[in-house]
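These are the residues of each chain, in order.
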Amino acid sequence: GATLPSTPINGLFKVSGYTLAGKITLSGGLGVITDVTVALTGTVNANTYPNAQGNYSFTNVPSGSYVVTPSLATYSFEPASRNYSSLSSDILNADFAGSSVAILTVVSERGSPTPSVGNHTYYTGGSISVSVVSPVAGGQGTRYLCTGWTGAGSVPVSGSSTSTSFTINKDSSIIWNWQTQHLLT
């Protein structure tokens, strides 16, 4: 087993644990570094917050197995967490980089839009291209024609084509609009 660091005090030993520390950085978005929650889970559990420079630490951590996980709403961290299966020394470089993310919600009653129907997560500041193939065949004598889109957030408010591009900076949505056409005989 690992030996814990100890300091003799008046003939007795004071057992102290290890330090698990690192730096958090954020890019994009409006997140505040001191609002990041850094969770330590394992042999003991604790939460802490970085200082204004992004530095955080857990001190007097006993030997054992741990996971360190940062979190902040609208941010994705790389790595998502760090695992220490048998902590037996100080770890001072448990660093994490957070990037702001936004969700694009795609809605379409017809066709196969790109990206697909549903929620998609992107890093803010990224260029997004969306499109749908039109027309779409329906039942006998029927087809569906895309008449454009309605957008919210970073998506342009509306358009009459089957594609558009934009830079995503906040949660956004696009609704593809369809018109039913019937073959007259």
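What counts, and where the lines are drawn
- Sequence order as written defines the numbering, with residues in each chain counted from 1.
- Under the rules for a predicted model, residues below a pLDDT of 70 receive no local features and side-chain atom pairs below 80 are neither given nor counted, while totals for whole chains, interfaces and linings still include all residues.
- For the side-chain quantities, the full set of heavy atoms in the structure was used; hydrogens and water were omitted.
- What counts as a helix is a DSSP run of H or I of at least four residues, what counts as a strand is a run of E of at least two, and both are numbered from the N terminus.
- N or O atoms within 3.5 Å of each other form a polar contact, as long as, within protein, one can give a hydrogen and the other can take it, and as long as residues adjacent in sequence are counted only when both atoms are side-chain atoms.
- Residues grouped as a nonpolar core are buried Ala, Val, Leu, Ile, Met, Phe, Trp, Tyr and Cys residues, joined through side-chain atoms within 4.5 Å.
- Each residue's exposure class comes from its accessible area (1.4 Å probe, protein chains only) as a fraction of the maximum for that residue type: buried when under 20%, exposed when over 50%, partly exposed otherwise.
- In what follows, residue pairs with any heavy atoms lying within 4.5 Å of each other are defined as contacts.
- Grid spacing is 1 Å over the protein atoms alone, the probe is 1.4 Å, and a cavity is where that probe fits but cannot get out, while a pocket is an open set with protein on both sides within 12 Å along at least five of seven lines and lining residues have an atom within 4 Å of a point.
- Grid points are joined across faces, edges and corners, and a volume is the space filled by probe spheres set on the points.
- Charged residues are taken to be Asp, Glu, Lys and Arg, nonpolar residues to be Ala, Val, Leu, Ile, Met, Phe, Trp, Tyr, Cys and Pro, and polar residues to be all remaining types, Gly included.

Visitor: Would you take a moment to explain the environment of Asn45 for this structure?
Guide: With respect to the helices, strands and loops of the structure, Asn45 is situated in the loop between strand S4 (37-42) and strand S5 (46-48). Looking at Asn45, its side chain comes within polar contact range of the main-chain nitrogen of Gly42, at 2.9 Å.

Visitor: Quick question: what am I supposed to make of the nonpolar core here?
Guide: In globular proteins that are soluble, nonpolar side chains generally tend to be buried together. One finds Leu20, Ile24, Tyr56 and Val68 to be the most contacted residues of the largest nonpolar core, which totals 20 residues. Secondary structure elements with two or more residues in this core: strand S3 (18-27), S4, strand S6 (55-61), strand S7 (64-71), strand S8 (75-78) and strand S9 (82-87). Contact partners of Ile24, with chain neighbours within four places excluded, come to Ile33, Val36, Val38, Pro50, Gly54, Tyr56, Pro70, Phe77 and Phe96. Among the nonpolar cores identified, the runner-up in size contains 15 residues, and Val130, Val132, Cys146 and Val155 belong to it.

Visitor: Is there a simple way to explain the layout of surface pockets in this structure?
Guide: Unfilled space is identified by rolling a water-sized probe across the atoms. Approximately 160 Å³ is the volume attributed to the largest pocket. Forming the walls of the largest pocket are Gly29, Leu30, Gly31, Thr74, Tyr75, Ser100, Val101, Ala102, Thr124, Asn169, Lys170 and Asp171. Considering every element that reaches the lining of the largest pocket, the biggest residue donor is strand S10 (residues 96-108), with 3 residues. Grouping the amino acids of the lining of the largest pocket by side-chain chemistry returns 4 nonpolar, 6 polar and 2 charged.

Visitor: Can you help me understand the environment of Tyr123 in this one?
Guide: Note on placement: Tyr123 falls in strand S11 (residues 118-123). The residues contacting Tyr123, other than those within four sequence positions of it, are Ser76, Ser99, Ser100, Val101 and Ile168.

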